[in-house]
Amino acid sequence: GQQVMQIPQYQHVQEGEDFTTYCNSSTTLSNIQWYKQRPGGHPVFLIQLVKSGEVKKQKRLTFQFGEAKKNSSLHITATQTTDVGTYFCAGSTSGTYKYIFGTGTRLKVLA
Amino acid sequence: NAGVTQTPKFQVLKTGQSMTLQCAQDMNHEYMSWYRQDPGMGLRLIHYSVGAGITDQGEVPNGYNVSRSTTEDFPLRLLSAAPSQTSVYFCASKRQGDNSPLHFGNGTRLTVT
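Residues numbered from 1 in each chain as written. Chains lettered and ligands numbered in written order. Predicted model: local features only at pLDDT ≥ 70, side-chain atom pairs only at ≥ 80, totals over all residues. Heavy atoms only, no water.

We now examine the interface of chain A and chain B. Think of interface size as the accessible area that goes away when the parts come together; that is how it is often given. Listed by partner, the interface residues are 20 residues for chain A and 25 residues for chain B. Buried surface at the junction of chain A and chain B, summed over both partners, amounts to about 1800 Å²; 56% is from carbon and sulfur atoms. Considering only the side of chain A, the residues that lose the most area to chain B are A:Tyr97, A:Tyr99 and A:Phe101, jointly responsible for 33% of the buried surface there. Across the chain A-chain B interface, the total number found is zero salt bridges. For the pair chain A and chain B, the number of links is six residue pairs in polar contact (both at pLDDT 80 or more). Of all the secondary structure elements, the ones that give two or more residues to the side of chain A that touches chain B are β4 (31-37), β5 (44-49) and β10 (100-101) of chain A. Of the residues forming the side of chain A that touches chain B, the biggest block, four residues, is contributed by β4(A). (Contact = heavy atoms within 4.5 Å. Buried area = accessible area lost by both parts, 1.4 Å probe. Salt bridge = Lys/Arg side-chain N within 4 Å of Asp/Glu carboxyl O. Polar contact = N/O pair within 3.5 Å; in protein donor to acceptor, adjacent residues only side chain to side chain. Helix = DSSP H or I, 4+ residues; strand = E, 2+ residues; numbered from the N terminus.)

What follows is the structure in structure tokens.
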């Protein structure tokens, strides 16, 4: 079945440093979504990527979808303490309604 | 709009007991789903539904039953709880179609002793 892996599992950074999490799917995806979960909270939608090679930016966050539509990345420039949380990717394949989540990357930002 | 509402927030069960986790949404979303979240394993899909009367299995369906009699409600039933079902459970809904996000409830923390 479809599997989605994320690396790294944990990342500790100093405030101001950059951060990247990578998402890899075992199957070609029709789209990929990214979510952020604050400690003790629920996942909150950040963005969706649909096209091969697509790049989207949200302020300090840059999202990429791979050319083969099997991998994606989230890059945060100059992290802030408000970026703390776990970041998940979630992918679905064409013709299905299963949104399979990656294992998540837990980010800690040290002030 | 309340969004996605899950009840209860916390529950402790003994092995073998049964219970139903409730999920309701007021956004008229066709798609609803249940995930469980365990440390280091992310969110795993248990069951999902694309509309009233239609349900399907996700990645980890064993030990759980669902039904979808209305658009608004999607309860998750544990028929005979086991310690391995100790987890945080999230219900999520979305509009049908690929280009819409999942909206999550606040979760139910379940402990089975």
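Residue and element names in this part refer to chain B. The sheet built from four strands is open, its strands ordered β1-β3-β8-β7 with antiparallel pairing. Edge positions in the sheet fall to β1 (4-7) and β7 (64-66), since each has one partner strand and no second. When strand polarity is set aside, the average angle formed by the axes of neighbouring strands in this sheet is 20°. Two elements, strand β3 (residues 19-25) and strand β8 (residues 76-78), share three bridges in a ladder whose sense is antiparallel. When the sheet's bridge partners are listed, Leu21 is paired in β8 with Leu76. (Pairing = 2+ DSSP bridges. Axes fitted to C-alpha atoms, helices over the stretch in contact; angles between N-to-C directions.)

All names here are of chain A. Bridge analysis of strand β3 (residues 19-25) against strand β8 (residues 71-76) gives six bridges, and the strand direction is antiparallel. Paired with Thr20 across the strands is His75, a residue of β8. With five bridges joining them, strand β7 (residues 61-65) and β8 adopt antiparallel strand pairing. Paired with Gln64 across the strands is Ser73, a residue of β8. The antiparallel pairing of β7 with β8 creates a hairpin that spans five residues between the two strands, and Lys69 there sits at a positive phi of about 55°.

Let us look at the sheet that holds β7(A). Residues and elements named next belong to chain A. Taken together, the five strands give an open sheet; going across it, the order is β1-β3-β8-β7-β6, and neighbouring strands pair in antiparallel fashion. Of all the strands in the sheet, just β1 (4-7) and β6 (55-58) have a single pairing partner and so form its edges. Taken over all neighbouring pairs, the strand axes of this sheet differ in orientation by 15° on average, direction set aside.

Bringing the packing of aromatic side chains into the picture now. Residue and element names in this part refer to chain B. Applying the stated criterion to the full structure yields 13 aromatic pairs over all chains. Pairing Tyr31 with Tyr48 gives two aromatic rings, centres 6.0 Å apart and planes at 25°, and the pair type is stacked. One end of the pair, Tyr31, is in strand β4 (residues 31-37); the other, Tyr48, is in strand β5 (residues 43-51), and 17 residues separate them in sequence. Accessibility classification places Tyr31 together with Tyr48 in one group, the buried group. Geometrically, the ring pair formed by Tyr35 and Phe104 is tilted, given 6.0 Å between the ring centres and 45° between the ring planes. Of this pair, Tyr35 sits in strand β4 while Phe104 is found in strand β10 (residues 103-104), placing the two residues 69 residues apart along the sequence. Considered together, Tyr35 and Phe104 belong to a single accessibility category, that of buried residues. (Phe/Tyr/Trp six-rings, centres within 6.5 Å; stacked < 30°, edge-to-face > 60°. Buried < 20%, exposed > 50% of the residue type's maximum accessible area, 1.4 Å probe, protein only.)

Most of β7(A) sits out of view: four of its five residues are buried. Where β6(A) hands over to β7(A), the hairpin turn is made up of two residues, of which A:Lys59 adopts a positive phi near 55°.

This model, assessed by the stated rule, comprises two disulfides over all chains. A disulfide bridge connects A:Cys23 with A:Cys89, and the sulfur atoms are separated by 2.0 Å. Between A:Cys23 and A:Cys89 the disulfide shows an S-S torsion of about 75°. By sign, it is right-handed. Note that A:Cys23 is positioned in strand β3 and A:Cys89 in strand β9 (residues 85-92), a separation of 66 residues in sequence. The exposure class of A:Cys23 is buried, given its relative accessible area of 2%. Judged by its relative accessible area of 0%, A:Cys89 falls in the buried class. Between the sulfur atoms of B:Cys23 and its disulfide mate B:Cys91 the distance is 1.9 Å. Looking along the S-S bond of the B:Cys23-B:Cys91 disulfide, the torsion reads about -70°, which is the left-handed sense. (Disulfide = S-S within 2.5 Å.)

On their own, these measurements won't tell you what the molecule is for.
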